[in-house]
Amino acid sequence: YLFYSDLLPSKDDKDLTQYFLLQVVDILLNYIKKTFDAKSKILDFHHPHQLLEGLDGFNLNLSDHPESLEQILVDCTDTLKYGVKTGHPRYFNQLSSGLDMIGLAGEWLTATANTNMFTYEIAPVFTSMEAILLKKMYEIIGWGEAEADGIFSPGGSISNLYGILVARYKLYPEIKTKGMAALPCIVLFVSEQGHYSVKKAAAVLGIGVHHVIEVKCDERGKMIPDELEKNVLQAKTKGQAPFCVIATAGSTVFGAFDPLHAIADVCEKHKLWMHVDAAWGGGLLLSRKYSYKLSGIERANSVTWNPHKLMGVPLQCSAILIREKGLLEACNQMQAGYLFQPDKLYNVDFDTGDKSIQCGRHVDIFKLWLMWKAKGTCGFEEQINRYMELAKYFYKVLKEKDNFQLVFDAEPEFTNVCFWYLPPRLKYITKGLEREQELHKIAPKIKARMTEEGTAMISYQPCGDKVNFFRMIFSNPATRQTDVDYLIDEMERIGKDL
Ligand SMILES: *Cc1c(COP(=O)(O)O)cnc(C)c1O
C-alpha cells in the first residue's frame, strides 16, 4: 500500500505523485464521460441515513490512522459516484449548472496556485486579471469611461449585501463608526419577486427584515414603478428614511426583468441608490440580440452579476460592481498594518483586500478569465442565445399539449419557463379549490420519482397564489432539444397515474 507520506513533498522517489494525480484524472475523466451521457443517471439516490451509515466500501467516518492512497482513490470515485451530476444534459434544477472543461482546468490551476486575492504581493497575476475583467464588465454594463469599482465575492447573496452596504455608507458614512443608533429608520425596496438574499442582507446589516419593503409586481412578475413610488412616499410619511432600491434583472423563479429605466427615474427623483440584482440575468448583456432586456442598467449605482449562473462558470463566481470609485474601499477599509503596508514598493492600488468584507479571498477570477479567453465574448453570446431558443421551443411544445399548463401564456422573457403538469384526472377540471389542492401535490411527486430514478432534475415551488409549479431553466451547455423532449415524456410517464 501507498500512503500520503509517499507523496511530495516528503517522498517521491518513484514518481508516485504523478501516479496518484494521473489516477485522479482518470477518475475525473470517467465521471465526465458519464456526465455527458444522457442515458446515464444524474444521481444514484440515497437517503441521508444511508450515506451517514456508510455504503458499500464508502465510509464517511474519519479515523485516527491514515488510510492508504488506494482507499483515498476509491473515496474520490465514490464521492463523485453518490453525488449529483450537475453537468448532465437533463439537470435543470439550479440556475448554476454545467461542467465546462476550461473552467475545470481553471479550478485545477487555481487550487494548485493556492493563493489569496487580498494583495498584489501574493497574487500579482490574479489581482491584475480581476482588474481587467471588472473593467470589461463596467464597459458591458455601459458605465462608459467613468472609473468604476468592484470586487468578486462569494456569490450573489454576498454581492447584494455589498450593494446595500455601500448604498447605506454613501448616504450615512457615520454608520461605519457609530452604528445604526446614529441613523434614522432606514428602509429599502425590492419587488415581491426579488431574491431572498436582500432580506438576509438587511438582517445581517442590522437594518431589519421589516424595513425591506416589498413592491408589488405586475402579472409577469416585474416590479411596478408606480407602486415603488407610492411605497417610497408612504415610507416618508411614516417618518422612515428610504435609501435604496433593489431592481431585479432576471428574477429567480419567473425570469422577469424589472423596468430599469422607470425605476431609475424614481430613484433619481427621490435620491435613492439603485442596485440591480442581475445575478441571474447579467449574462444576457453578452447577447446583442437580448441585452435590451436590461436596458437602463447603465443608470444603476451598483450591480450584482454572477458568471456562475448563465455564463456557466464553475461555482463560485460573482461580482459586485459599483459605479462610483473609492466607495467600496472607504466603506470597508480597516488598514490592517500587517497586510496592507502603505510603503510597499509597488502600486498598492492593486491590493484588493481593503475593499472586501473578508480577509482572505478565494481566487474566483482565473476560471472566468480562462473561459473568456477560450470562448471569446462571442462564445458566451452564442451559448446564451441557444438557451433562449431552447426556452422558446419548450414553451411552444407545452403550449400545444393539453396535459401541461403554462403559468404565463406568453413567450418566455428569459430562459425560465414555469408550468404545471396535469394528470388525466385533472386535465378537464379548470378551477376549484379541490383542483388546486390536488394540483399542488403533483409536482413534488413527479420530482421525487425523477430524483429517485435519477432520470432528470427540475425544480418546483409555489408562488403567491399559485400552487406548486415546475420551473424549467436553461443554463446548461450540454442540454439539447432531445433532452427537453425527454423531460416532457418522462413527466407524462410518471404523472399519468397520479
Ligand atoms: C441566485 C440569485 C442570487 C443569489 O446568488 P448566489 O450566488 O446563489 O448567492 C441573487 N439574486 C438572484 C436574482 C438570483 O437568481
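With an unreviewed UniProt entry as reference, the chain is termed Glutamate decarboxylase 1, source organism Oryctolagus cuniculus. UniProt, in the comment section headed Subunit (unreviewed entry), describes the chain in these words: "Homodimer."

(A) Quick look at the sheet that holds strand β7 (residues 302–305). What the 7 strands build is an open sheet, ordered β2-β8-β7-β6-β5-β3-β4; its pairing is mixed. The open sheet has two edge strands, β2 (149–153) and β4 (212–215), and neither has a second partner. Across this sheet, the average inter-strand angle for adjacent strands is 20 degrees, counted without regard to direction. Inspection of the sheet shows strand β6 (residues 273–278) paired to β7 by 4 bridges, in the parallel sense. Of the residues in β7, the one forming a bridge with H275 is S302. Its contacts with the sheet put helix α5 (residues 124–141) on β2, β7 and β8 (318–322), and the angle it makes with β2 is roughly 115 degrees.

(B) Seen up close, the side chain of S97. Mapped onto the elements of the fold, S97 is located in the loop between β1 (91–92) and α4 (101–113). With near-sequence residues (within four places) excluded, S97 lies in contact with T86, Y91, G312, S475 and N476.

(C) Representation of the pattern of salt bridges in the model. In this structure the tally under the stated criterion is 27 salt bridges. E389 is paired through a salt bridge with K392; the nearest N and O atoms lie 3.9 Å apart. A residue pair is termed a helical-turn pair when its members lie 3 or 4 positions apart in one helix, as E389 and K392 do in helix α12 (residues 365–400) at 3 residues. Between R493 and E453 there is a salt bridge whose closest N-O contact spans 2.8 Å. Taken together, the positions of R493 in helix α15 (residues 481–495) and E453 in helix α14 (residues 433–453) put the pair 40 residues apart, joining distant regions of the chain. Owing to a relative accessible area of 28%, E453 belongs among the partly exposed residues under this scheme. Sharing partners across several salt bridges, the network here consists of R449, E453, E490 and R493.

(D) Looking closely at the UniProt feature "modified residue: N6-(pyridoxal phosphate)lysine" (unreviewed entry) in the chain. Per the UniProt entry, the sites bearing "modified residue: N6-(pyridoxal phosphate)lysine" (unreviewed entry) are K309 in this numbering. Note that K309 resides in the loop between β7 and β8. Judged by its relative accessible area of 13%, K309 is buried. In contact with K309, other than residues within four places in its own chain, are L95, S96, A279, W280 and S475.

(E) Representation of the pairing of β7 in the model. Side chains S302 and T304 of β7 all project onto a buried face; the interleaved residues V303 and W305 project onto the opposite face, where all are buried too. As judged from the 4 bridges shared by β7 and β8, these two strands associate in the antiparallel manner. Each residue of the ladder has a partner; that of V303, found in β8, is L321.

(F) Representation of the layout of surface pockets within the structure. One number sums up the size of the largest pocket: a volume of about 820 Å³. As for the largest pocket, its lining consists of 32 residues, of which D149, K325, D349, F350 and K355 are closest to the centre. Of all elements in the fold, only α5 and β2 reach the threshold of two or more residues within the lining of the largest pocket. Counting residues per element, the lining of the largest pocket draws most heavily on α5, which supplies 7 residues. Looking at the lining of the largest pocket, its residues break down into 10 nonpolar, 10 polar and 12 charged. Counted as a void, the second largest pocket has a volume near 620 Å³. Looking at the second largest pocket, it is lined by 27 residues, and the ones nearest its centre are H195, Y196, S197, T252 and K309. When the residues that make up the lining of the second largest pocket are grouped by side-chain class, the tally is 6 nonpolar, 14 polar and 7 charged.

(G) Seen up close, the domain arrangement of the chain. Split by domain assignment, the chain resolves into domain 1 (1–39 + 64–74), domain 2 (109–372) and domain 3 (375–442 + 475–497). For domain 1 versus domain 3, the distance between C-alpha centres works out to 41 Å.

(H) Molecular detail of the sheet that holds strand β9 (residues 404–406). The sheet built from 5 strands is open, its strands ordered β1-β11-β12-β10-β9 with mixed pairing. Each edge of the open sheet carries a strand with a single partner, namely β1 and β9. Relative to strand β12 (residues 466–472), strand β11 (residues 457–463) runs antiparallel, the two sharing 4 bridges. Considered in β12, the bridge of Q461 is made with F469. Relative to strand β10 (residues 417–421), α12 is tilted by about 25 degrees, and along the sheet it contacts β9, β10 and β12. Of the strands in this sheet, β9, β10, β11 and β12 are in contact with α14, which crosses β12 at around 35 degrees.

(I) Just the environment of L62, in detail. Within the element layout of this structure, L62 appears in the loop between α2 (48–53) and α3 (69–81). Classification of L62 by relative accessible area gives exposed; the value is 83%. With 60 residues separating them in the primary sequence, L62 and L2 have C-alpha atoms 18 Å apart.

(J) Representation of helix α6 (residues 156–171) in the model. Spanning 16 residues, α6 covers 23 Å between terminal C-alpha atoms, matching the ideal 22 Å at 1.5 Å per step. The element α6 is extensively covered by neighbouring structure, given that 12 of its 16 residues are classed as buried. Taken together, the buried positions of α6 are G156, S159, N160, L161, Y162, G163, I164, L165, V166, A167, R168 and Y169.

(K) Structural view of the site of the ligand. Looking at the ligand, there are 15 residues lining it, with G156, S157, T252, D277 and K309 nearest. Within the contact set of the ligand, an oxygen atom lies 2.9 Å away from a side-chain nitrogen or oxygen of T252. Considered on its own, the ligand offers 390 Å² of accessible surface; in the complex 86% of this is hidden by protein. Applying the majority rule of atoms within 2 Å of the grid points places the ligand in the second largest pocket. Element by element, the count of residues in the shell around the ligand is highest for α6, at 3 residues. Residue composition of the shell around the ligand, by class: 3 nonpolar, 10 polar and 2 charged.

(L) Expanded view of the side chain of S197. Its place among the elements puts S197 in helix α8 (residues 197–204). Of note is the side chain of S197, whose polar atom sits 3.1 Å from the side chain of N160. When sequence neighbours within four positions are dropped, the list of residues in contact with S197 reads S157 and N160.

Here is what the cut-offs are and how they apply
Residues numbered from 1 in each chain as written. Predicted model: local features only at pLDDT ≥ 70, side-chain atom pairs only at ≥ 80, totals over all residues. Heavy atoms only, no water. UniProt positions renumbered as here; feature names shortened; annotations may be inferred. Pairing = 2+ DSSP bridges. Helix = DSSP H or I, 4+ residues; strand = E, 2+ residues; numbered from the N terminus. Axes fitted to C-alpha atoms, helices over the stretch in contact; angles between N-to-C directions. Contact = heavy atoms within 4.5 Å. Salt bridge = Lys/Arg side-chain N within 4 Å of Asp/Glu carboxyl O. Buried < 20%, exposed > 50% of the residue type's maximum accessible area, 1.4 Å probe, protein only. 1 Å grid on protein atoms, 1.4 Å probe; cavity = no way out; pocket = protein on both sides within 12 Å on 5 of 7 lines; lining within 4 Å. Points joined across faces, edges and corners; volume = space filled by probe spheres on them. Nonpolar A, V, L, I, M, F, W, Y, C, P; charged D, E, K, R; others polar. Domains from an automatic or database assignment. Expected span 1.5 Å × (residues − 1). Near = heavy atom within 4 Å. Polar contact = N/O pair within 3.5 Å; in protein donor to acceptor, adjacent residues only side chain to side chain. Areas by Shrake-Rupley, 256 points an atom, 1.4 Å probe, with all protein chains shown as cover. Sits in = over half its atoms within 2 Å of the grid points.

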